[in-house]
Amino acid sequence: MAILICGGAGYIGSHINKLLHQKGYETVVLDNLVYGHREAVKWGEFVKGELADESEIEAVFQTYKIEAVFHFAAYAYVGESVGEPEKYYYNNVVNTLNLLKVMRKYGCDKIIFSSTCATYGEPEEQRQNPINPYGATKLMVERIFKDYAKAYGLRYVALRYFNAAGADPEGEIGESHMPETHLIPLVLDAAAGKRADIKVFGTDYDTPDGSCVRDYIHVADLAEAHFLSLQYLEQGGDSDFFNLGNERGTSVLEVIEAVKAVTGKEFSVICTDRRPGDPAILVGSSKKAERILGWKAKYAEIETIVAHAWNWRKHAQF
Ligand code: UDP
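This report concerns the structure included in the present document.

### Quick notes on the environment of glycine 202
Along the chain, glycine 202 turns up in the loop between β8 (197-201) and β9 (213-214). Each C-alpha atom of the pair glycine 202 and arginine 127 lies 26 Å from the other, and the pair is 75 residues apart in sequence. Aside from chain neighbours lying at most four places away, what touches glycine 202 is Gly210, Ser211, Cys212, Thr272, Asp273 and Arg274.

### Overview of the nonpolar core
Residues Leu20, Phe70, Leu159 and Leu244 are the most contacted members of the largest nonpolar core, which totals 34 residues. Put simply, the parts of the chain that give this core at least two residues each are β1 (2-6), α1 (11-22), β4 (66-71), β6 (155-161), α7 (219-234), β11 (240-244) and α9 (287-293). Setting aside anything within four residues of it in sequence, one finds leucine 244 in contact with Leu159, Arg160, Tyr161, Phe162, Ile217, Leu222, Ala225, Ser286, Ala289 and Trp295.

### Concerning the packing of aromatic side chains
Under the criterion given, the structure shown has twelve aromatic pairs. Ring centres 5.5 Å apart and planes at 75° place the aromatic pair tyrosine 35 and tyrosine 77 in the edge-to-face group. With tyrosine 35 in the loop between β2 (26-31) and β3 (45-48) and tyrosine 77 in the loop between β4 and α3 (78-83), this pair connects stretches of sequence that are 42 residues apart. Looking at tyrosine 35, the relative accessible area reads 29%, which means it is partly exposed. With a relative accessible area of 12%, tyrosine 77 lands in the buried category. Among the aromatic residues, ring-to-ring pairing joins Tyr35, Tyr75, Tyr77 and Tyr88 into one connected group. Sitting over the ring of tyrosine 75, lysine 87 keeps its end group 4.8 Å from the ring centre. Seen from the ring of tyrosine 205, arginine 274 lies directly overhead, with NZ or CZ sitting 3.9 Å from the centre.

### Here's the deal with the pairing of β6
Looking down a regular strand, the side chains alternate between one sheet face and the other. Of all seven residues in β6, seven are buried, a share of seventy percent or more. Residues Arg155, Val157, Leu159 and Tyr161 line one face of β6 and the alternating positions Tyr156, Ala158 and Arg160 line the opposite face, and both faces are buried. In terms of strand pairing, strand β5 (residues 110-116) meets β6 through seven bridges, oriented parallel. Its bridge partner lying in β6, serine 114 is registered against leucine 159. When β6 meets β11, the two strands line up parallel, connected through five bridges. Each residue of the ladder has a partner; that of tyrosine 161, found in β11, is leucine 244.

### Some details on the site of the ligand
Not every one of the 15 residues close to the ligand is listed here, only the nearest: Leu183, Lys199, Arg214, Arg275 and Asp278. Residue leucine 183 places a main-chain N or O atom 2.8 Å away from an oxygen atom belonging to the ligand. Note that an oxygen atom of the ligand is positioned 2.7 Å from one of the side-chain N or O atoms of arginine 275. Protein contacts shield 88% of the accessible area of the ligand, which totals 510 Å² for the unbound molecule. Every element with two or more residues in the shell around the ligand is listed here: α6 (183-191) and β8. In terms of residue count, the dominant contributor to the shell around the ligand is β8 (four residues). For the shell around the ligand, a count of residues per class yields eight nonpolar, three polar and four charged.

What counts and how
- Residues numbered from 1 in each chain as written.
- Predicted model: local features only at pLDDT ≥ 70, side-chain atom pairs only at ≥ 80, totals over all residues.
- Heavy atoms only, no water.
- Helix = DSSP H or I, 4+ residues; strand = E, 2+ residues; numbered from the N terminus.
- Contact = heavy atoms within 4.5 Å.
- Core = buried A, V, L, I, M, F, W, Y, C linked by side-chain atoms within 4.5 Å.
- Buried < 20%, exposed > 50% of the residue type's maximum accessible area, 1.4 Å probe, protein only.
- Phe/Tyr/Trp six-rings, centres within 6.5 Å; stacked < 30°, edge-to-face > 60°.
- Lys NZ or Arg CZ within 6 Å of the ring centre and 35° of its normal.
- Pairing = 2+ DSSP bridges.
- Near = heavy atom within 4 Å.
- Polar contact = N/O pair within 3.5 Å; in protein donor to acceptor, adjacent residues only side chain to side chain.
- Areas by Shrake-Rupley, 256 points an atom, 1.4 Å probe, with all protein chains shown as cover.
- Nonpolar A, V, L, I, M, F, W, Y, C, P; charged D, E, K, R; others polar.

Here's what the structure looks like:
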């Protein structure tokens, strides 16, 4: 029996692949390498393939006996999703339908899905009401899961995370996006002298220091949550959704201070206009995940998250 990791060459998927390997699972990574890195797949089998092509998914299910699927294969640039919704709806929704179809055909009933806090829209709303196409695609998939669970017996865990950050504490894998838009890697590049400066997108928000507040969660903690979700489904747990955050917000300016403290480097910080689509504060509670999955973040401190990311970025192999 093997675990299929769709999008396992990407940032979060590669960390789950490493953890599952350490826990003794056989893994198969299916990734089209559009945004993923072949070098990030250091464990298990690798298949280059497209979820857009059902026959490529089927080939994997024919070759390996797949017990459960982790699904990270999605586009995740919020800004791009606004300009190119078609790309997002096809890749994130239609391709997930292809995957579910093949899973059903081969009797595989367990899926762990990388969802997002972007399904909530403005965080003070408890109701899910995404404010961009990216969040909408993830919410649609959550809805599809509910209907497939009822009709076909699909069993799922959808993890809605806040800001994934940091890198493997052992430094074997880490975050590398092309193009890079995320705050922590960009600030680290400024510290490393690879960028002239870091721009702070907005200092007039209704937050303690005026910059946006986010809930940064260590990618190794995310990996652990995914592993616990697999165990939970294996042990017969009910399909469910969980938020994963640290319940503590860190502002953009505080992240910059943490990078300065960890790296000991000075660099130029430019306060500029707001980035469209940014909510002021996104902070999540993980109480339900703690109660039901037994998950607790190990690396909640922003300095630890930044230190691991810095360690990776200094020696990044991809
Ligand atoms: N941000 C910033 N400068 C940058 C990149 C990001 O000020 O060069 C801000 C961004 O506006 C947001 C926060 O940093 O408030 C986190 O952004 P990121 O893109 O890392 O994650 P998001 O919250 O969009 O998922």
